[in-house]
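# What the coordinates show
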There are 2 protein chains.
Amino acid sequence: VPEKQSIPGLDLHLDLTGGRRPGRVLEEALRAAVADGRLAPGTRLPPTRGLAADLGVSRATVAEVYEQLLAEGWLRARVGAGTWVAQSGVPVPAARAPQAGGPRLADMRGGVPDASLFPRRAWVAAVRRAVDAATVAELGYADPAGVVRLRHALAGYLARTRGVLAEADRIVVGHGVGELLALAGRALAARGARGIAVEEYGHSEHRAILRAAGLEPVALPVDGEGADVSRLAALGVDAVLLTASHQFPLGVPLGARRRRDVVAWADSVGGYVLEDDYDGEFRYDRRPVGTLQSLAPPRIVYLGTASKALSPAVGLAWAVLPDELVAGVLAERAGLSQPRDALNQLALAHLFEAHDYDRHVRRQRAEYRARRDHVTAGLARRVPGARLLGVAAGLQCTVELPMGVDAAAAVAAGAARGLLFLPLDAYAAPGAAPRRPAVVLGFGASLAVRALADADLAVDAIAAATEAADRELD
Amino acid sequence: VPEKQSIPGLDLHLDLTGGRRPGRVLEEALRAAVADGRLAPGTRLPPTRGLAADLGVSRATVAEVYEQLLAEGWLRARVGAGTWVAQSGVPVPAARAPQAGGPRLADMRGGVPDASLFPRRAWVAAVRRAVDAATVAELGYADPAGVVRLRHALAGYLARTRGVLAEADRIVVGHGVGELLALAGRALAARGARGIAVEEYGHSEHRAILRAAGLEPVALPVDGEGADVSRLAALGVDAVLLTASHQFPLGVPLGARRRRDVVAWADSVGGYVLEDDYDGEFRYDRRPVGTLQSLAPPRIVYLGTASKALSPAVGLAWAVLPDELVAGVLAERAGLSQPRDALNQLALAHLFEAHDYDRHVRRQRAEYRARRDHVTAGLARRVPGARLLGVAAGLQCTVELPMGVDAAAAVAAGAARGLLFLPLDAYAAPGAAPRRPAVVLGFGASLAVRALADADLAVDAIAAATEAADRELD
């Protein structure tokens, strides 16, 4: 084989040295030449027999290359008429997406985890184990409730770490808490539910999902003991959505008496509690707060996610349902979207079974705790008039600003420093009682070292807004 | 380090030989002992200092093990009070799911692909490349329309192989065609659409999804030229769902005149065509049938999936939308479920970019073609009175049975031979015209060699039902 081969009539040169298979070299050269326009549409290719002889390769090799490029649509052929470059008339887009331009703000919004902590190696290993071990049945259409093996792993994990009373057949796997909230909301609406109480501060996305499900969200006041569930009876709602272990974004856990009260309310009116345990794994200073679910499994829809502990990019979440809601939730799913990502679900099951999930949560907890300590210490030093809420747990805290400081000013000072965080008001439900100006500060700005620097900048932003307010007062 | 260590007071023996890290051995031994009940709830563990000395390992190693098992919920601890086995009161389920028992029928239903053909190695390699190359932004919350890189790869692939006119920003990625049909159906309903024509034979799941979206499915007759779209105007519908390139399950492609007619109808009434190109990659005997989408991109919702060519277990599908439907579809998604599985989507993008997807389609096409040939030849030999429909393409054919043979008898004869396939009637929409008795025979029964044996059994089943009918006639 000579060092540089050329294809007669096409002005294409192939480098067949270096031990690469000649078929692969020819395939790539032809594809690239069509893609970048060197081979114009309509150009006729040499017959396989002649090209094979010219290149000193087998005719089967050339035929195989033509077949592949025909299948990919680069070439066209008709029996007896030869092979030519496709007249696509379609601009073939670049295979790679363009890089998003412009400066990006460091994302310090509440509840957004640090994607740079994702355990890439452990995840690839889990996918490899899952794909190797998958049965042919597991590679087919998945169980509508989610892959059985993952549901078993979740039942064990949730019992051990969160005290959740779950059997695999009451667990439904979804692509995010949002999907499971949509399914549960629709199943409740189908049973006649209309009103649902939501904490007066929380995710507007969740309220939108409940409205789309046909429920009417009603704001429930939140104080130092969490949501005031004594109002539920008067509100006449059929359900309530609670972040009981760490109210989002105010950070208080639901008090012990209120836990008993909300269960008593649900029992007495046949109501349901949707418990969003979004960051239950992240406790720092106090003993774990138990779940509501363990108090009254028949009345609680427990929701959890891998998005915080692992990554949103894994795209898996779970619901533990009361017995009597399982069929309704799966019926709603049949009208929407069956879960199909069995390989993804199996990989997560392997991560749980190898205890890599727990291991990763521990590492993350240490990392977020350090960031939390950093923000807390920085604010205590530089903005002593600020008050911190919700620092005992979770991926964010709420910073009540010193007297006279405007939340918008703090947010703007953050943006000027390259940071994105939001005022507490951004989380207010319609009808929420106004609160002292505050910002919600997440610990998820990416890349461990930068995260601390970003935390310093956030403290600096709040300090700057405070100083500006002080100057105005003078 | 001695060969067998025992933990004082716990009757637990550790094998610290063999080069494994002592911490890992201790961790696994303790976890197993708690899980299987050898260490009862409430059992107090030795202090870290003493156990470390006994085992000849560092105190940090023992503390690390206790920390891990505390995090996993096997142990409990309180400062100053020591560490003990958790009083879970919760039965910890086995980590592995039980194997499903009982004999399983070989799945020869129409449209069900052979999961055993899944390219395990190529998929793991694509996941590894995707995870390695993912930016921190890509590991965070995904674009609501799907990961940009995948949408670019799809735009190129669909243009090359199916002539679809697509830009990345009109592509929406979903977890299956069902999800995308639900979103598109709801977006159309929100614009005021009410009636949607469906082919009189097709997937009942799709009709259920359209009904759940608020649309009313109306059956459209199917003949030798495909769906009779000349009826659309008289039906007064706002949209139509078509399997234009290979009617499911009857197998005819939509005729050239009808293609022009359906586009003219959509233009004249502002209607939409939902084109389910579920197996467009699988052509055997004739030149590719083009897509409707390429005739009228502003009026067609094009739907495709990786479930047939790759595996349902990948769980990804795509829609190419008319410009004016993009916002509506994403608005419906906001009320339901944002796509979160960025890693899965990135892996598929890498598979497209490396041309492994095309390569795999080619191999599969050859395999399914061989199975199709096998069934066709077997039936011609053994049941000459049967008539085959839809064999030019796809993963199934429809077998019209000889005169006097009942479809239920053929299905029962199949079940007696360990095969699952359905009568054509099972696919009939309400109002469908009755047809000659037939069964729909898929080529997806798993494992290449067994698949041919199963095909023989299917032919045998149809032959047996035919002979039984003949005997009755005598």
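Residues numbered from 1 in each chain as written. Chains lettered and ligands numbered in written order. Predicted model: local features only at pLDDT ≥ 70, side-chain atom pairs only at ≥ 80, totals over all residues. Heavy atoms only, no water.

### Observations concerning the overall build of chain A
Along the backbone of chain A there are 14 helices and 19 strands. At 29 Å, chain A has a C-alpha radius of gyration far larger than the 23 Å of a compact globule built from 474 residues. In terms of its C-alpha atoms, chain A occupies a principal-axis envelope of roughly 85 × 60 × 40 Å. Here the contacts in chain A between residues at least 6 apart in sequence split such that 73% fall between residues at least 24 apart. Looking at chain A as shown, the accessible area adds up to about 18,500 Å², and 54% of this sits on carbon and sulfur atoms. (Helix = DSSP H or I, 4+ residues; strand = E, 2+ residues; numbered from the N terminus. Rg over C-alpha atoms; globule rule 2.2 N^0.38 Å. Contact = heavy atoms within 4.5 Å. Areas by Shrake-Rupley, 256 points an atom, 1.4 Å probe, with all protein chains shown as cover.)

### Section: the relation of the copies chain B and chain A
These two copies of the chain differ by a rotation about an axis and a displacement along the same axis. Rotating chain B by 180° and moving it 0.0 Å along the rotation axis overlays it on chain A with an RMSD of 0.1 Å. Such a combination of rotation and displacement between the chain copies is what one expects of a two-fold axis. (Least-squares fit on C-alpha atoms with pLDDT ≥ 70 in both.)

### Notes on the sheet that holds strand S6 (residues 171-174) of chain B
Residue and element names in this part refer to chain B. If you walk across this open sheet you meet the 7 strands as S6-S14-S13-S12-S11-S7-S8, and the pairing is mixed. In this open sheet, the two strands that pair with only one neighbour each are S6 and strand S8 (216-220). Recorded for the sheet is a direction-independent mean angle of 20° between the axes of neighbouring strands. Pairing geometry for S6 and strand S14 (residues 317-320), over 4 bridges, is antiparallel. Residue Val173 lies in a different strand from S14, and its bridge partner there is Trp318. Helix H10 (residues 323-334) rests against S6, strand S12 (272-276) and strand S13 (300-305) of the sheet, and its axis sits at about 25° to S6. (Pairing = 2+ DSSP bridges. Axes fitted to C-alpha atoms, helices over the stretch in contact; angles between N-to-C directions.)

### What to know about the sheet that holds strand S15 (residues 387-389) of chain B
All names here are of chain B. Pairing is antiparallel across the open sheet formed by 4 strands, whose spatial order is S15-S16-S19-S18. Whereas interior strands pair on both sides, the edge strands pair on one side only; in this sheet they are S15 and strand S18 (422-423). As paired elements, strand S16 (residues 396-400) and strand S19 (residues 438-442) share 5 bridges and run antiparallel to each other. For Glu400, the partnering residue across the bridge sits in S19 and is Ala438. Across the face of the sheet, helix H13 (residues 407-416) comes into contact with S18 and S19 while running at roughly 35° to S19.

### Some remarks on the confidence of the model for chain A
Residues and elements named next belong to chain A. Mean pLDDT for chain A: 88, with 93% of residues reaching 70 or above. Taken together, the stretch residues 89-102 has pLDDT below 50 and engages in 15 contacts with residues farther than four places along the chain or on a different chain. ipTM for the predicted complex: 0.83, alongside a pTM of 0.84. (pLDDT = per-residue confidence, 0-100.)

### Considerations on the nonpolar core
Ranked by internal contacts, the top residues of the largest apolar core, which has 146 residues, are Trp123, Leu348 and Tyr357 of chain A together with Trp123, Leu348 and Tyr357 of chain B. Apart from the residues within four sequence positions on either side, Tyr357 of chain B is in contact with Tyr157, Glu281, Thr305, Ala306, Ala309, Leu310, Trp318, Leu348, Leu351 and Phe352 of chain B. If you look at the next biggest cluster of nonpolar residues, it comprises 60 residues, including Leu180 of chain A together with Val198, Ala239 and Val301 of chain B. (Core = buried A, V, L, I, M, F, W, Y, C linked by side-chain atoms within 4.5 Å. Buried < 20%, exposed > 50% of the residue type's maximum accessible area, 1.4 Å probe, protein only.)

### A closer look at the packing of aromatic side chains
Counting across every chain of the model gives 16 aromatic pairs over all chains. Ring geometry for Phe118 of chain B and Trp123 of chain B: centres 6.3 Å apart, planes at 55°, overall tilted. In terms of burial, Phe118 of chain B and Trp123 of chain B fall into one category: buried. Of the aromatic side chains, those joined through ring pairs into one cluster are Tyr157, Trp318, Phe352 and Tyr357 of chain A. (Phe/Tyr/Trp six-rings, centres within 6.5 Å; stacked < 30°, edge-to-face > 60°.)

### Here we look at the pattern of salt bridges
Any two side chains of opposite charge can pair if their charged atoms end up close together. Residues and elements named next belong to chain A. For the coordinates displayed, the defined rule picks out 48 salt bridges over all chains. Across the salt bridge formed by Glu179 and Arg333, the nearest N and O atoms sit 3.2 Å from each other. Residue Glu179 is located in helix H6 (residues 177-190), and its partner Arg333 is located in helix H10 (residues 323-334); the two are separated by 154 residues in the primary sequence. The same class applies to Glu179 as to Arg333, namely buried. With a closest N to O distance of 3.5 Å, Glu324 and Arg191 form a salt bridge. A residue pair is termed long-range when its members are at least 10 positions apart, and Glu324 in helix H10 and Arg191 in the loop between H6 and strand S7 (195-199) qualify at 133 residues. Of the residues examined, Glu324 reaches a relative accessible area of 42% and is grouped as partly exposed. Judged by its relative accessible area of 47%, Arg191 is partly exposed. (Salt bridge = Lys/Arg side-chain N within 4 Å of Asp/Glu carboxyl O.)

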